[in-house]
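What follows is the residue order along each chain.
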Amino acid sequence: MNGYGDRLLRVDLSIGKISKETISDSMKSDFLGGRGFAVKILWDEVKNVDPLSDKNKLIFAVGPLSGQLLPSAGKMVVASKSPLTGGYGDGNIGTMASVHLKKAGYDAVVLEGKSPKPCYVLIEDENIQILDASDLWGKNSFEAQDLLEKKHGKNSGVLLIGPGGENLIRFATVMSQKGRAGGRPGMGAVMGSKNVKALVIKGTGNVSNFDDARLRDLGKKGYDEIKGKENYEFWMKQGTMQAFEWSNENGCLPTYNFREGVFEFSKEMDGYVVEKLHAGRKGCPMCNMQCGHIIKDASDQQAELDYENIGMLGPNIGIRSLPQAGTLNRLADEWGLDTISLGSSIGFLMEASEKGLIPEKVPWGDFEWAQKLIVEIGKGEGLGKLVSQGVKAAAEKIGKGSEKWAMHVKGLEASAYNCHACPGMALAFGTCSIGAHHKDAWIIAWEIATDRFSYDKRKVEKLIEFQRVRGGFFESATVCRLPWVEVSFGLHWYPVYLEAITGEKRSWEDLYQMGDRVLNLIRAYWKREVPSFGRKWDYPPDRWFEEPQSEGKVKGMKVDREKYEQMLSWYYELRGWDQNGIPTRETLENLGLKEVAREIG
Ligand code: PTT
Ligand code: SF4
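First things first, this report covers the structure right here in the doc. Here the structure is a predicted model, which is why all the values come from computation and not from measurement.

Structural notes on the site of ligand 1
And step 1. Taken together, 30 residues lie around ligand 1, and Asn92, Ala181, Asp333, Asp338 and Glu475 are the ones closest in.
And step 2. Aspartate 338 is positioned such that a nitrogen or oxygen atom in its side chain is 2.6 Å from a nitrogen atom of ligand 1.
And step 3. A molecule is said to occupy a pocket when more than half its atoms come within 2 Å of that pocket's grid points, and by this definition ligand 1 occupies the largest cavity.
And step 4. For the shell around ligand 1, the leading source of residues is strand S5 (residues 88–94), giving four residues.
And step 5. When its residues are assigned to classes, the shell around ligand 1 shows nine nonpolar, eleven polar and ten charged.

Here it is, written out as C-alpha cells:
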C-alpha cells in the first residue's frame, strides 16, 4: 500500500537471526500504524510472559504519516508489555530514527529474545547488523549518543537507553537526541533486559506515496497555516511551559506530591522565566513548532525543559528554582529515566520521610537529596531502590496508608495535573490505556474552560472523543498532536494527508472506528495479561478523593467518589464494556475482533 514500507523487520537477538516480513493490507487498514501495529503484534505474539524476560518483545513502529514532510511528523511509537504495570505500555518519541526507518522501508522493528552480550542494532536500508556495544554499556545516554553519532554520522537516527534501562529500572525510557524520551512504562528497561544499548537507523530510500506533488503542496500549506496561528508566537516563546502559569492559577500544578495544586514559588519557574533564561531551542524532525526550550541549568550545562518535567521535578518535590529543576531534568535524561515517574517517586519519598515512615530525613525542596536520589534510583541502590519499581510497589512495601498517596493508576505514575477539582481529568487518568498519563485525553483544558465541576455524561462523551482522536488516531498515524492541541491546527488536514499518502479516502468516522479498535484491543490485552484486571484498576489515587486541597481557588475541593462511580459506569456503557470494564463480545465483534472476544470471553 502507498505510504508504507510494507515490511516488518524482526531481530531475534538470542540467535542473531534477522528476518523481513510483509505487513498485510488488513493490518494497515484496520490498525493504521504505530500504536495500532504495536498492540496487534503484542496481542498475537506476547502472551503471559514476564516483561523483563527474553520472551517479551520490544516494538518500534511508525505510521503512514510519520517521517513525511508534514507538520510535526517525526514521531515513532515504542511499545512492549510493561515491566512497570504488567499491561500494555508505550510512548511516542520524536526522533530522526522515525524518518530513517521510513526511508529504510520498514514500518516496524520487533526486537525479540536476548542478546548474550551488550549489543546495538544497526539498520542501514537492507543491511542489518547486531554489533558489539561493550564500549557503550554503562555510558549515559548523552555520551552514548555522541559516540554513536561519531561512528555512524551526525544525522543518523539513534534510539538508546541510559544506565537506568541497563539496570532494569521499571520506569526507564528509550531516549533520543539528548532530550527526547519515549515509553514511560519502562520501555527502556525492556531494551536493557535484552542487552540492547541502541538502535542506529540510516535509511536512504524514498517513501512511495500516492501523490507526492500534492502531498508536498498540502504539507507546505499546513506549515504555513501553523505559522499564521494566533498562539504560534507565544508557543515559540514558551512551548509546553506555557501551561505552568495556567496550571498554578487553576490549582492543578502538582505540588508536594500532589497534595496541593498551587505552588508559592511558581513565579520563579514559569514560562516567563524560561523566556528570560532562554538559551536555545530543540525539537523533533519535520516540526516548525520546536518545543524543547533550552536553558543553562544549575550546573551550567544545557537542559531541555518541558512542562511535565518541570512540574514533577519542581513543585511536586518542592524545588523552587528553574535551573535546579533543569539539572534534575538533565540528569533524568542522562540516566534515561522517566521524569514523571521520577518526580512522583522522589515526592513519595519526601512525604514518607515527613511522615516518619522511612528513617532518612529527605526534606521537601532539597536539591542535593534530589540529585542523589536520581543517581540511586538509576542504580537501583540505597534509598532509591525502594522506588525503582515505581510508587505502587514502594507503597506496597512500606504500607501504613502510603497507598493512598502513591500517585499512580495501574502502576503508572500520574503526569503533572492535580485533579482534586478536575473530575473529568481524574477519569481520563483512570481510563488511559497505559496508566495515569494525559496522552490519551488531556480533557483538563476543555473541562476548566467549560463546566469544570460537573460530573455529567457530556463530559464522559467528550473524554471518549478525545481518546479516539489522541489515543487512537494520533498514536497510530503516528504524528505529534501538539499542532492541533496547542495552536488549533485543523483536524480536517489529517484525512486529506492520508489520502495523498495512501490514495484512500478515510473519514473521521472511519478513523474513530479504527481508534476504537486499537483502544479495545489494548483493553483486551490488559484483561488477558493481568488476572485481576477490571473496574478496580480504573480509579485515580485516593488522595484526590479523600484529602481536599488547602490552598488556591479550588481550596477545599476533592473528587466525589460516588459521582466518579457514576461517570465510570457511563464511560463503560458508552464504550460498550460491561460494568467490570471489560469489552463485551458484541463490542469486540463489531470492531472485527471476533478472535479476541473468544480469547477473553
Ligand atoms: C511523554 C512524557 C512527557 S509528555 C514528557 S514532557 W510532555 C516527559 N518528557 C520526558 C523527558 O523529556 N525526559 C525524560 N527523561 N522523561 C520524560 N518523560 C515524560 O514523557 C514529547 C512531546 C510532549 S512533551 C508531549 S506532552 C506530547 N506527547 C505526545 C504523545 O504522547 N503522542 C503524540 N502523538 N504526540 C505527542 N506530542 C508531544 O510530544 P512518552 P518526546 Mg514523549 C526530555 O514519550 O512516553 O509518550 O511520554 O516523546 O519526543 O520527548 O516528545 O509536556
Ligand atoms: Fe516534537 Fe514539540 Fe514539534 Fe511535537 S511540537 S513534533 S514534540 S518539537
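Digging into the coordination of the magnesium atom of ligand 1
And step 1. Exactly one donor from the protein chain reaches the magnesium atom of ligand 1: Ala181 (O), at 2.8 Å.
And step 2. Considering the arrangement of structural elements, one finds alanine 181 in strand S11 (residues 180–182).

Regarding the layout of surface pockets
Taking a probe equal in size to a water molecule and rolling it over the atoms shows the remaining empty space.
And step 1. Put simply, the largest pocket is a space of about 390 Å³.
And step 2. Those elements that place two or more of their residues in the lining of the largest pocket are helix H16 (391–398) and strand S16 (408–409).
And step 3. No other element matches H16, which puts three residues into the lining of the largest pocket.
And step 4. The class makeup of the residues in the lining of the largest pocket is seven nonpolar, two polar and eight charged.
And step 5. There are two domains that each give the lining of the largest pocket at least three residues, and those are domain 2 (230–416) and domain 3 (418–488 + 507–601).
And step 6. What the second largest pocket holds in volume is close to 300 Å³.

Quick notes on the environment of glutamate 547
And step 1. With respect to the helices and strands, glutamate 547 occurs in the loop between helix H23 (542–546) and helix H24 (561–575).
And step 2. Here glutamate 547 falls in the partly exposed class, since its relative accessible area comes to 28%.
And step 3. Measuring from C-alpha to C-alpha, the distance between glutamate 547 and lysine 558 comes to 6.6 Å, with eleven residues separating the pair along the chain.
And step 4. Other than its neighbours up to four places away in sequence, glutamate 547 contacts Arg259, Trp405, His420 and Lys558.

Focus on the pairing of strand S14 (residues 292–296)
And step 1. In terms of burial, S14 is a largely internal element, four of the five residues being buried.
And step 2. The pairing of strand S13 (residues 278–282) with S14 spans four bridges and is classified as antiparallel. Among the inter-strand pairings, histidine 278 is bridged to a residue of S14, identified as isoleucine 295.
And step 3. Between S14 and strand S15 (residues 302–305), which pair antiparallel one after the other, the connecting turn spans five residues, and aspartate 300 there sits at a positive phi close to 65°.

Focus on the packing of helix H17 (residues 423–431) against helix H19 (residues 457–477)
Relative placement of two packed helices is described by the angle separating their axes and the distance separating the axes.
And step 1. Running from N to C, H17 and H19 point in directions that differ by 45°, and their axes come no closer than 10 Å. Accordingly, the angle class assigned to the pair H17 and H19 is oblique. Our pair here, H17 against H19, has a crossing hand that is right-handed. Residues Pro423, Gly424, Leu427, Ala428 and Thr431 of H17 lie in contact with H19, whose contacting residues are Lys459, Val460, Leu463 and Gln467.
And step 2. Taken together, the residues of the contact of H17 with H19 sort by class into five nonpolar, three polar and one charged.

Rules and cut-offs
Residues numbered from 1 in each chain as written. Chains lettered and ligands numbered in written order. Predicted model: local features only at pLDDT ≥ 70, side-chain atom pairs only at ≥ 80, totals over all residues. Heavy atoms only, no water. Near = heavy atom within 4 Å. Polar contact = N/O pair within 3.5 Å; in protein donor to acceptor, adjacent residues only side chain to side chain. 1 Å grid on protein atoms, 1.4 Å probe; cavity = no way out; pocket = protein on both sides within 12 Å on 5 of 7 lines; lining within 4 Å. Sits in = over half its atoms within 2 Å of the grid points. Helix = DSSP H or I, 4+ residues; strand = E, 2+ residues; numbered from the N terminus. Nonpolar A, V, L, I, M, F, W, Y, C, P; charged D, E, K, R; others polar. Donors = N, O, S within 2.8 Å, 3.2 Å for Na, K, Ca; no water. Points joined across faces, edges and corners; volume = space filled by probe spheres on them. Domains from an automatic or database assignment. Buried < 20%, exposed > 50% of the residue type's maximum accessible area, 1.4 Å probe, protein only. Contact = heavy atoms within 4.5 Å. Pairing = 2+ DSSP bridges. Axes fitted to C-alpha atoms, helices over the stretch in contact; angles between N-to-C directions. Parallel < 35°, antiparallel > 145°, perpendicular 65-115°, else oblique. Left-handed = near helix turned anticlockwise from the far one by under 90°.

All quantities given are derived from atomic positions and should not be read as evidence of function.
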